[in-house]
Amino acid sequence: MHGTPRPPATPAQALSAMDHLIAAHLIGQQELARRLGLNVTDLTCFAFVLEAGDDLLTAGDLAARAHVTTGAVTGILNRLERAGYVTRRPDPTDRRRVRVAAVPDAVTRVEAVYAGHYKRLTVLFSDYSPEELAIITDWFTRATALAHEYLEKLNRDDPTEEC
């Protein structure tokens with residue numbers, strides 16, 4: 001499809017729409033995590049493991065992506081391993097480190113839970129032209145970078161730094 005005419009919007013309207021999307025997403029993630037027997041942080045970390053694919057993450061990589069300490073990521077990995085979502089493999093180049101791999105059956109379970117939502121999103125995306133999808137993708141990418149920057153500032157907890 002070549003896009004649908006849309007009414008003009010202000011930045012305030014866009015921010016409000018984004019806030020509603022984030023709220024719906026947070027509530028949805030909590031429900032999906034519950035259905036999978038996980039908490040939201042563990043589900044998020046499992047998503048990072050899935051995203052990495054065959055380029056297995058180290059525990060340190062995962063801690064950095066999730067913005068948690070290495071001690072916290074150990075607990076996350078323990079829970080994910082006990083629940084059958086990940087396994088730890090020795091790092092072939094550094095025996096002091098481990099790499100985290102997704103368990104195939106767990107991948108199947110998670111994909112099944114998300115399949116309906118992703119299908120509906122794909123249908124929604126079909127209402128946009130390739131040029132509009134490029135703009136949407138650019139916005140999501142840039143907004144994600146801003147969110148990570150904001151989170152890093154918050155984690156520094158520097159009262160002299162404006163968040």
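Here goes a summary of the coordinates provided.

About the criteria used
Residues numbered from 1 in each chain as written. Predicted model: local features only at pLDDT ≥ 70, side-chain atom pairs only at ≥ 80, totals over all residues. Heavy atoms only, no water. Salt bridge = Lys/Arg side-chain N within 4 Å of Asp/Glu carboxyl O. Helix = DSSP H or I, 4+ residues; strand = E, 2+ residues; numbered from the N terminus. Buried < 20%, exposed > 50% of the residue type's maximum accessible area, 1.4 Å probe, protein only. Axes fitted to C-alpha atoms, helices over the stretch in contact; angles between N-to-C directions. Parallel < 35°, antiparallel > 145°, perpendicular 65-115°, else oblique. Contact = heavy atoms within 4.5 Å. Nonpolar A, V, L, I, M, F, W, Y, C, P; charged D, E, K, R; others polar. Pairing = 2+ DSSP bridges. Expected span 1.5 Å × (residues − 1).

Description of the pattern of salt bridges
No. 1: Applying the stated rule across the entire model yields 13 salt bridges.
No. 2: Notably, a salt bridge pairs Glu-132 with Arg-6, separated by 3.6 Å at the nearest N-O pair. Here Glu-132 is found in helix H6 (residues 130-156), whereas its partner Arg-6 is found in the segment before helix H1 (11-35), with 126 residues between them in sequence.
No. 3: Given a relative accessible area of 22%, Glu-132 falls into the partly exposed group.
No. 4: Here Arg-6 falls in the partly exposed class, since its relative accessible area comes to 36%.
No. 5: Through salt bridges with shared partners, a single ionic network connects Asp-91, Asp-94, Arg-96, Arg-97 and Arg-99.

Some remarks on the packing of helix H3 (residues 59-66) against helix H4 (residues 70-82)
No. 1: Contact geometry for H3 and H4: axes closest at 9 Å, N-to-C directions at 105 degrees. The orientation of H3 with respect to H4, classified from their angle, is roughly perpendicular. Between H3 and H4, the contacting residues are Ala-59, Leu-62 and Ala-63 on the first element and Thr-70, Val-73 and Leu-77 on the second.
No. 2: Looking at side-chain class alone, the contact of H3 with H4 contains 5 nonpolar, 1 polar and no charged residues.

Thoughts on the sheet that holds strand E1 (residues 57-58)
No. 1: On the basis of which strands lie adjacent, the open sheet formed by 3 strands has the order E1-E3-E2 and antiparallel pairing. Since the sheet does not close on itself, it has two edges, and those belong to E1 and strand E2 (86-90), each with one partner.
No. 2: In the sheet, E1 pairs with strand E3 (residues 98-102) via 2 bridges, with the strands oriented antiparallel. The residue of E3 that forms the bridge with Leu-57 is Val-100.
No. 3: Docked against the sheet, H4 engages E2 and E3, running at close to 115 degrees with respect to E2.

Focus on the pairing of E3
No. 1: By the bridge criterion, 5 bridges tie E2 to E3 in an arrangement that is antiparallel. Note on E3: the bridge partner recorded for Pro-90 is Val-98.

Comments concerning the packing of helix H2 (residues 40-52) against helix H5 (residues 104-125)
No. 1: At a minimum axis separation of 12 Å, H2 and H5 run at an interaxial angle of 110 degrees. Taken together, the axes of H2 and H5 are roughly perpendicular relative to one another. Residue-level contacts link Leu-43, Phe-46 and Leu-50 of H2 to Ala-106, Val-107, Val-110 and Tyr-114 of H5.
No. 2: The residue inventory of the contact of H2 with H5, partitioned by class, reads 7 nonpolar, no polar and no charged.

Some thoughts on H4
No. 1: The end-to-end C-alpha distance of H4, which contains 13 residues, comes to 18 Å, matching closely the 18 Å that a straight helix rising 1.5 Å per residue would cover.
No. 2: Each element contacted by the buried residues of H4 is listed here: H2, H3, E2 and E3.
No. 3: At the exit of H4 stands Gly-84, carrying a positive phi of roughly 80 degrees.

Remember that the coordinates give geometry; whether it matters functionally is a separate question.
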